[in-house]
Amino acid sequence: TTVAAVNGVATFSDVRIERAATGLRLAVTATGLAALQSDPIAVSAAAPAELVVLTPPPATAQSGVAFGTQPRLALRDAFANRVLSSGAAVTASIASGPAGSSLNNAQAFTGSDGIATFSGLAIVGSSGSYTISFGSGTFTTASSAGITIGAGAATQLALTVAPPATAVNGQAFG
């Protein structure tokens, strides 16, 4: 940014740094004068504004079985800096998919690093294509890519047609 000096003083308004980091310095130059640098500046992240998926759920999974790769999400400020904040609840919900489906273990909390890692998250429902939405308070939500759910492992056997109460030896039921 360039400003004109008035009575030998150049005043800058609305100077800001939109990247969280330590050791940043402002550099000031003017024609005919020696360059100047500020003392180091430590810039912290702004307030949390959004959730970002760091590790997405897998593209395929079985109904009722915990995802092999559990989702990890981070809090970010409006400038895409990670916000180091612990204790924020992140809730997963089904954004799209067959009706009547649900999620197991659908809540995780951010640690001191601002990252929430789910444990045991699973979709329970019919085979089909799903997406998951991740939300936390008023922050902008994040969504997964499509997840194809297949039938889970068999848990019981069932007879769809019961055999007759009586039968003749060697003859097919009929």
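What this report covers is the structure whose coordinates are included nearby. Worth saying up front: this structure is predicted, and the values here are computed from it rather than measured. Here, residues in each chain are numbered from 1, in the same order as that chain's written sequence. Under the rules for a predicted model, residues below a pLDDT of 70 receive no local features and side-chain atom pairs below 80 are neither given nor counted, while totals for whole chains, interfaces and linings still include all residues. Only hydrogens and water are removed before side-chain values are computed, so all heavy atoms of the structure are retained for them.

**Quick notes on the pattern of salt bridges**
Going by this rule: Only one rule defines a salt bridge in this text: a Lys or Arg side-chain nitrogen within 4 Å of an Asp or Glu carboxyl oxygen. Only protein chains enter the area calculation, which uses a 1.4 Å probe; residues under 20% of their type maximum are buried, those over 50% are exposed, and those in between are partly exposed.
In this structure the tally under the stated criterion is one salt bridge. One salt bridge in this structure joins E18 and R16, with 3.1 Å as the shortest N-O distance. Of the residues examined, R16 reaches a relative accessible area of 56% and is grouped as exposed.

**Here's the deal with the sheet that holds strand β7 (residues 72–76)**
Just so we agree on the cut-off: We treat two strands as partners when DSSP finds at least two bridges between them. Labels follow the DSSP assignment, with helices taken as runs of H or I lasting at least four residues and strands as runs of E lasting at least two, numbered in each case from the N terminus. Angles here are taken between N-to-C directions and fall from 0 to 180 degrees, while the axes themselves are lines fitted to C-alpha atoms, restricted in helices to the stretch in contact.
Across the sheet, three strands lie side by side as β5-β7-β11; this open sheet has antiparallel pairing. Of all strands in the sheet, those bounded by a partner on one side alone are β5 (50–55) and β11 (115–117). Between one strand axis and the next, the sheet turns through 25 degrees on average, direction left out of account. Bridge analysis of β5 against β7 gives five bridges, and the strand direction is antiparallel. Each residue of the ladder has a partner; that of L51, found in β7, is L75.

**Things to note about the side chain of S63**
For clarity, the threshold we go by: Under the rule applied, a polar contact is a pair of N or O atoms within 3.5 Å (in protein, one hydrogen donor and one hydrogen acceptor; residues adjacent in sequence only if both atoms are side-chain atoms).
Here S63 shows up in the loop between β6 (60–62) and β7. A distance of 2.9 Å separates the side chain of S63 from the backbone oxygen of G125, its partner in a polar contact.

**A look at the nonpolar core**
Inclusion rule: Nine residue types can take part in a nonpolar core, namely buried Ala, Val, Leu, Ile, Met, Phe, Trp, Tyr and Cys, and a core is a set of them joined through side-chain atoms within 4.5 Å.
A92, F118, L121, I123, I132 and F134 are the most contacted members of the largest nonpolar core, which has 23 residues in total. Among the secondary structure elements, those contributing two or more residues to this core are β7, β8 (89–96), β13 (128–135) and β15 (147–150). Looking at which element gives the most residues to this core, the answer is β13, with three residues.

**With respect to unusual backbone geometry**
Phi angles above zero are rare outside glycine, and D14 is one such case at about 60 degrees. Tracing the sequence through the fold places D14 in the segment before β1 (21–24). Even without being glycine, N105 reaches a positive phi, approximately 55 degrees. With respect to the helices and strands, N105 occurs in the loop between β9 (102–104) and β10 (107–109).

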